[in-house]
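The residues making up each chain are set out below.
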Amino acid sequence: MSEPTQKSLGGWARDVSESARSLWEGMSVTLSYMFKKPITTQYPDRMPLPVVHTLPTRYRGFLEVDMDTCTACQACERACPIDVINIDLIRGDGVTTPKTAMERFDIDIGKCMFCGLCVEPCPTGSIQHTREFEGAAMAFDNLTLRFVPDPAKPYPAYKPPKGADAYPRKPLGEIVRKLIREWDAPAPAFPQRDGQTPRPGPAEVSHVPR
Ligand code: SF4
Ligand code: SF4
């Protein structure tokens, strides 16, 4: 068995001084924060300004569709590279029922990558990115925004007036804010068409005690 190494007095003194120096270096960083203005942002309840007012001008938040100016052209659906938008059309006779109506206009914001490709081809500016971004949900189905709430009441396609180059639009965000559900809301039953096998009901949301 070898003898333990004997340290010289100078070696111990050096170790003590190095430990004290590194301790001081670490603590001085910590102590310096006692005299600095805190930069912590207590989101969302103690913000000096609502976050929406601090976003860049061209911020891309949740998509919103103003159904009153949607022509049902499906250009947005075709433009989306990852099939986030789903529009189902029904055809009428144009006399007793509208020639074209939408019984479904869904946008799955859980899948959307906020690229804006669907906004570009819209002829009336009906589909737009809003500045809304808060929409955490416990049930995945609640991330699908349904702009036709009831498939039994299809939305007739908008006919732009001849020569129009501007279209009336509801204030941006007003529509989508109403569609964003409470974070712990149970998922709605998925709309079914006649003759389809019913999709299994949404799983019950397990409520986590807060
Ligand atoms: S923003 Fe992009 S990903 Fe989202 S729906 Fe539009 S095209 Fe699709
Ligand atoms: S939102 Fe615009 S692009 Fe999409 S179907 Fe309606 S009019 Fe066409």
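Now for a quick tour of the structure. (Residues numbered from 1 in each chain as written. Chains lettered and ligands numbered in written order. Predicted model: local features only at pLDDT ≥ 70, side-chain atom pairs only at ≥ 80, totals over all residues.)

Attention now moves to the overall build of the chain. The helix and strand inventory of the chain stands at three helices and six strands. Walking the chain from its N terminus toward its C terminus, one meets helices and strands in the order α-β-α-β-β-β-β-β-α. Looking at the chain as a whole, 14% of its 210 residues are labelled buried. For the chain, the share of sequence-separated contacts (at least 6 apart) that also reach a separation of at least 24 residues comes to 75%. (Helix = DSSP H or I, 4+ residues; strand = E, 2+ residues; numbered from the N terminus. Buried ≥ 20, exposed ≤ 12 C-beta atoms within 10 Å, placed from the backbone. Contact = placed C-beta atoms within 7 Å.)

With that settled, consider the site of ligand 2. Close contacts around ligand 2 come from 15 residues, with Cys-70, Cys-73, Cys-76, Cys-122 and Ile-127 the closest. Along the lines of polarity and charge, the residues of the shell around ligand 2 split into eleven nonpolar, four polar and no charged. (Near = placed C-beta within 6 Å. Nonpolar A, V, L, I, M, F, W, Y, C, P; charged D, E, K, R; others polar.)

Our next topic: the nonpolar core. Ranked by internal contacts, the top residues of the largest apolar core, which has 21 residues, are Ile-85, Met-102, Phe-105 and Ile-107. Secondary structure elements with two or more residues in this core: strand E1 (63-65), strand E2 (85-91), strand E3 (100-108) and helix H3 (174-179). The leading source of residues in this core is E3, at three residues. Here Ile-85 is in contact with Cys-76, Glu-77, Cys-80, Ile-107 and Cys-118, once residues within four sequence places are set aside. (Core = buried A, V, L, I, M, F, W, Y, C linked by C-beta atoms within 7 Å.)

Close contacts around ligand 1 come from 13 residues, with Cys-80, Val-84, Cys-112, Cys-115 and Cys-118 the closest. Classifying every residue of the shell around ligand 1 by side-chain character gives twelve nonpolar, one polar and no charged.

Our next topic: the pairing of E3. Every regular strand shows the same layout, with side chains that alternate between the two sheet faces. Inspection of the sheet shows E2 paired to E3 by seven bridges, in the antiparallel sense. Note that in E3 the partner of Ile-87 across the bridge is Phe-105. Here E3 runs beside strand E6 (residues 155-156); their pairing, made up of two bridges, is antiparallel. Looking at the pairing, Met-102 lines up with Tyr-155 of E6. Relative to strand E5 (residues 144-146), E3 runs antiparallel, the two sharing three bridges. Looking across to E5, one finds that Asp-106 is bridged to Arg-146. (Pairing = 2+ DSSP bridges.)

All right, on to unusual backbone geometry then. Following Tyr-43, the chain continues into Pro-44 via a peptide bond in cis, with omega recorded as 0°. Within the element layout of this structure, Pro-44 appears in the loop between helix H1 (9-32) and E1. The backbone of Ala-72 sits at a positive phi, close to 60°, despite the residue not being glycine. Among the secondary structure elements, Ala-72 is positioned in the loop between E1 and helix H2 (75-79). Taking the number of C-beta atoms within 10 Å as the measure of exposure, Ala-72 has 23 and is therefore buried.

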